[in-house]
Amino acid sequence: MINIALPKGRLGEKVYNKLKAIGYGCPSIEENSRKLIFENEENGVRYFWAKPSDVAIYVERGAADIGVAGKDILLEYQPDVYELSDLDIGKCRMCVAAKKGFEDNTERALRVATKFPNIARNYYSKLSREIDIIKLNGSIEIAPILNLSDVIVDIVETGTTLLENNLEPIETIVPISARLIANKTGYKFKYDEISKLCQKLSELK
Ligand code: PRP
């Protein structure tokens, strides 16, 4: 039995559909319910829906053998897991954005609002730019508008949120996509099963 942590939401549903297409379907997950754990003995899978930012925690600690996490989460939290493949979905980019016309005043620390303090810190330390991190949990785009921060470091997918809030991207830090990850011990013990699943997934692309 492979235990699979899926991120709750659209991305997780896409991944489930891919897994179903390669023979890991689980009818009970397709029923409209509020259940979070589903099992299909016949196909040897147990799925559970986790909060996207928690998937890597379940996998790192072995509660799940494999899971799907965004590269943003992997870069931010650096979980001790194997990154097995790029699923080529959930594509977006991690960006620095600011109000239109923003000019950096290098005489003082740059105030950076973000959900991703480690990614932001890493990026600016490479540029040797002093920053003041303001850790937020969502709706990051309002920070520069309310003058809480000078810039934001956040995920940009279509760019609509930035546009509709009069912000613009300044730099791309890193491209992001969903990754298949595995628990290090689980990968060893279930090597054949997990490799087979990976192989089939790669053939699906
Ligand atoms: C993410 C991100 C941006 C938005 C970008 O937010 O933080 O706000 O999506 O998408 P777009 O470029 O297509 O407009 P999310 O929906 O995760 O909400 P939150 O950051 O407010 O939690």
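Residues numbered from 1 in each chain as written. Predicted model: local features only at pLDDT ≥ 70, side-chain atom pairs only at ≥ 80, totals over all residues. Heavy atoms only, no water.

### Brief notes about the pairing of strand 3 (residues 45-50)
Here is step 1 of the chain: Counting buried residues in strand 3 gives five out of six residues, a clear majority hidden from the surface.
Here is step 2 of the chain: Of the strand pairs in this sheet, strand 1 (residues 2-7) and strand 3 are connected by six bridges, and their pairing is parallel. Within the sheet, the bridge partner assigned to Ala 5 lies in strand 3 and is Phe 48.
Here is step 3 of the chain: Bridge count between strand 2 (residues 37-40) and strand 3: four bridges; the pairing is antiparallel. Paired with Asn 40 across the strands is Val 45, a residue of strand 3.
Here is step 4 of the chain: Remark: four residues form the turn of the hairpin made by strand 2 and strand 3, two consecutive strands paired antiparallel; Gly 44 in that turn has positive phi of roughly 70 degrees. (Buried < 20%, exposed > 50% of the residue type's maximum accessible area, 1.4 Å probe, protein only. Helix = DSSP H or I, 4+ residues; strand = E, 2+ residues; numbered from the N terminus. Pairing = 2+ DSSP bridges.)

### Looking at the packing of aromatic side chains
How two aromatic rings sit relative to each other is given by the distance of their centres and the angle of their planes.
Here is step 1 of the chain: Applying the stated criterion to the full structure yields five aromatic pairs.
Here is step 2 of the chain: Considering the side-chain rings of Tyr 82 and Tyr 187, the 5.4 Å spacing of their centres and the 65 degrees angle between planes classify their relative orientation as edge-to-face. With Tyr 82 in strand 5 (residues 82-86) and Tyr 187 in helix 7 (residues 184-189), this residue pair connects regions lying 105 residues apart in the sequence.
Here is step 3 of the chain: Residue class for Tyr 82 comes out partly exposed when judged on its relative accessible area of 31%. (Phe/Tyr/Trp six-rings, centres within 6.5 Å; stacked < 30°, edge-to-face > 60°.)

### Things to note about helix 4 (residues 117-126)
Here is step 1 of the chain: For helix 4, the set of buried residues is Pro 117, Ile 119, Ala 120, Tyr 123 and Tyr 124. Seen along its axis, helix 4 keeps its buried residues to an arc of 160 degrees; they face one direction.
Here is step 2 of the chain: Looking at the buried side of helix 4, the elements it contacts are helix 3 (71-77), strand 6 (92-99), strand 7 (110-114), strand 8 (131-135), strand 9 (151-156) and strand 10 (167-176).
Here is step 3 of the chain: A positive phi of about 55 degrees marks Ser 128, the residue just after helix 4. (Arc of directions from axis to C-beta. Contact = heavy atoms within 4.5 Å.)

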